[in-house]
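In case you want the letters, here they are:
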Amino acid sequence: MRSRYSAYAKGLVQYLEYSWHPAFRPTGLELDSAQTWTGLRIVNSSDGGADDSTGTVEFIAEYSASGHSSSVHEVSRFERHDGRWVYTDGDPRD
């Protein structure tokens, strides 16, 4: 989760695509260059250990764009794929 947040913050589209499960990955991923990511807080996590094949991470990622601050709050799902953890999808939280 932290590496994906860092990739968003640095605009690393290739890493985001690499860390996204191929079955769920969007085509033509474009990032909003007006967004500046300002912080990540991990709220909760479950599973995702050495013996697990799936895991979840609840997070709040803060950003600013065009002078306005906002955040993304999501419970993300991850899965082992080809020996590495990849993002599958997530459920937004209010």
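Residues numbered from 1 in each chain as written. Predicted model: local features only at pLDDT ≥ 70, side-chain atom pairs only at ≥ 80, totals over all residues. Heavy atoms only, no water.

**A word on the overall build of the protein**
How we decide: For helices the rule is a DSSP run of H or I covering at least 4 residues; for strands it is a run of E covering at least 2, with both sets numbered from the N terminus onward. As defined in this context, the radius of gyration uses C-alpha atoms, and a globule is described by 2.2 Å times the residue total to the power 0.38. Relative accessibility thresholds used throughout: buried, under 20% of the residue-type maximum; exposed, over 50%; partly exposed, between the two (1.4 Å probe, protein chains only). In what follows, residue pairs with any heavy atoms lying within 4.5 Å of each other are defined as contacts. Note on areas: these come from Shrake-Rupley sampling with a 1.4 Å probe, and a residue is covered only by the protein chains present in the view. Under the convention used here, Asp and Glu are negative, Lys and Arg are positive, and both His and the chain ends fall outside the count. To locate a charge, take NZ of a lysine, CZ of an arginine, CG of an aspartate or CD of a glutamate.
A count of helical and extended segments in the protein gives two helices and four strands. Starting at the N terminus and ending at the C terminus, the protein contains elements arranged as α-α-β-β-β-β. Radius of gyration (C-alpha) of the protein: 13 Å, near the 12 Å computed for a compact globule of 94 residues. Dimensions of the protein along its principal axes, counting C-alpha atoms only, are 45 × 30 × 20 Å. Put simply, the protein has 94 residues, and 28% of those count as buried. Across the protein, every contact between residues at least 6 apart in sequence was considered, and the portion connecting residues at least 24 apart equals 38%. Surface exposure of the protein reaches about 6000 Å², of which carbon and sulfur atoms provide 45%. In the protein, 9 side chains carry a positive charge and 14 a negative one; their mean positions are 5 Å apart.

**Notes on the pattern of salt bridges**
Put simply, the test is: A pair is scored as a salt bridge if a Lys or Arg side-chain nitrogen falls within 4 Å of a carboxyl oxygen belonging to Asp or Glu.
One pass over the structure, following the stated rule, counts two salt bridges. Of the charged contacts in the structure, one is a salt bridge between Arg-77 and Asp-89, with a shortest N-O distance of 2.8 Å. Placement of Arg-77 in strand 3 (residues 68-81) and of Asp-89 in strand 4 (residues 84-92) is noted, with a sequence separation of twelve residues between them. By relative accessible area, Asp-89 is classed as partly exposed at 25%. The residue Arg-77 makes a salt bridge to Asp-91 at a minimum N-O spacing of 2.8 Å. Of the two residues, Arg-77 is situated in strand 3 and Asp-91 in strand 4; the sequence distance between them amounts to 14 residues. What makes Asp-91 partly exposed here is its relative accessible area of 31%.

**Observations regarding helix 1 (residues 2-10)**
The following threshold applies: In this description, one arc is meant: the one made by directions from the helix axis to the C-beta atoms.
Among all positions in helix 1, only Arg-4, Tyr-5 and Ala-7 are buried. Around the axis of helix 1, the buried residues are gathered within 160° of arc, so they sit on the same side. Summarising the geometry of helix 1, the exposed residues directed more than 90 degrees from the buried face are Arg-2 and Lys-10. In this structure, the buried side of helix 1 is in contact with helix 2 (13-18), strand 1 (35-47), strand 2 (54-65), strand 3 and strand 4. Following helix 1 by one or two positions, Gly-11 has its phi on the positive side, about 75°.

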